[in-house]
Amino acid sequence: MTLDDLRVFVAVCRTGSLSAVARELTCTQSAVSQHIKRLERETGIALLERHPRGVVPTPAGRLLHTAAAGGLGDIDHALRRLREVVHGEAGSVRVTTGSTTVRHFMSGAVVDFRRHHPNVSLEFQTTHSSRSCFDALLAGGLDLAWITLGEPVRGIEQRPVVELPWVLAVAADDPLAAKSRVDTVDLAGISLIALPENATSRSRLDAWLAASGTAPTSDTSVADWDTAILLAELGLGHAIVPDLPAWHGPAHPGLRLVPIPDLPTLWTGWAVRRWDALSPLARAFANTVEQHCAVTFGEGEGVA
């Protein structure tokens, strides 16, 4: 059993696909399978179950994945720090997050951080859900994840930074655009643009709608908040989204954002394996983002 065997196994658990891991590692699917088979020989038990749409860990596989993921992340993080010391590298900060996060939460911070640390490498890995961010953190090689906060996750520390109220995004000529607020009764007849299926924001919204007894129709779904806003502005439906400053102002003349005060606010912020194990550079980047968010979103909603 080798560290590479464990790394491949953790990656397969994360993606649910041997072929996807083979593409990531630029090797054959047979080579990936050999890593798994070696682990199964060493442990004496099946670690993966094959299904038509991919693979999932067995109960024994989940046990090994839980133990290996966090440990490998710490090992890879330490090895990276050692390489920087040995080779005199300037260092790097690696972040995993959604496709529109940098635009809405980090653009000013990235410029500020680059000005103070011109030789540091900033790397962003895009994922489609907070769950994918957690998996990427546990797999190792990444410092920080910007997520929508949800339930506690074993091996992950979550830190709230920005509190976001919800709004109903509608076209300017929509009857609901003239309202000062939207109540539950107003949502019954809307055509809802569904948020990404695996996103924490989607699960929180669906739970609230179900609890309130509201079931708006939905025939459109999107991959991110910005696309939902675009379709709402074009009059192709209504979007319930967290309120972000970039959507206000002259750039969106045909858009109206109506508050939904009954809907509990959403928190976004950082996730890491351990704050006390962060490199000084990663901690500096996280703090810079928090400082800029405090200004952009207001002192009362910035740093928690």
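Here, every reference points to the structure presented above.
Model, not experiment: these values are computed from the prediction. (Residues numbered from 1 in each chain as written. Predicted model: local features only at pLDDT ≥ 70, side-chain atom pairs only at ≥ 80, totals over all residues. Heavy atoms only, no water.)

Enquirer: An account of the sheet that holds strand S11 (residues 255-259) is requested, with residue identities and associated values reported.
Expert: The strands making up a sheet associate through hydrogen bonds between their backbones, and the pairing can be parallel or antiparallel. An order of S10-S7-S11 is seen for the three strands of this open sheet, with the pairing classed as antiparallel. Single-partner strands in this sheet number two, and they are strand S10 (239-242) and S11. Shown here is a sheet whose adjacent strand axes are inclined to one another by a mean of 35°, direction ignored. Inspection of the sheet shows strand S7 (residues 166-171) paired to S10 by four bridges, in the antiparallel sense. Residue pairing for S10: Leu-168 is matched across the bridge by Ile-240. (Pairing = 2+ DSSP bridges. Helix = DSSP H or I, 4+ residues; strand = E, 2+ residues; numbered from the N terminus. Axes fitted to C-alpha atoms, helices over the stretch in contact; angles between N-to-C directions.)

Enquirer: Lay out the packing of helix H2 (residues 18-25) against helix H3 (residues 29-43) in plain terms, naming residues and giving numbers.
Expert: One way to put it is that H2 packs onto H3 with a least axis distance of 8 Å and a crossing angle of 110°. Between H2 and H3, the interaxial angle falls into the category roughly perpendicular. Contact residues: H2 offers Leu-18, Ser-19, Val-21 and Ala-22, while H3 offers Gln-29, Val-32 and Ser-33. (Parallel < 35°, antiparallel > 145°, perpendicular 65-115°, else oblique. Contact = heavy atoms within 4.5 Å.)

Enquirer: Please provide a residue-by-residue account of the packing of aromatic side chains, values included.
Expert: Aromatic rings in a pair are described by how distant their centres are and how their planes are angled relative to each other. In the structure shown here, the tally under the stated rule is six aromatic pairs. Where Phe-105 meets Trp-146, the ring centres are 5.2 Å apart and the plane angle is 35°; that geometry is what we call tilted. Note that Phe-105 is positioned in helix H5 (residues 101-116) and Trp-146 in strand S5 (residues 144-148), a separation of 41 residues in sequence. For Phe-105, a relative accessible area of 7% corresponds to the buried category. Between Phe-105 and Phe-297, the ring centres sit 5.4 Å apart and the planes meet at 20°, which makes this aromatic pair stacked. (Phe/Tyr/Trp six-rings, centres within 6.5 Å; stacked < 30°, edge-to-face > 60°. Buried < 20%, exposed > 50% of the residue type's maximum accessible area, 1.4 Å probe, protein only.)

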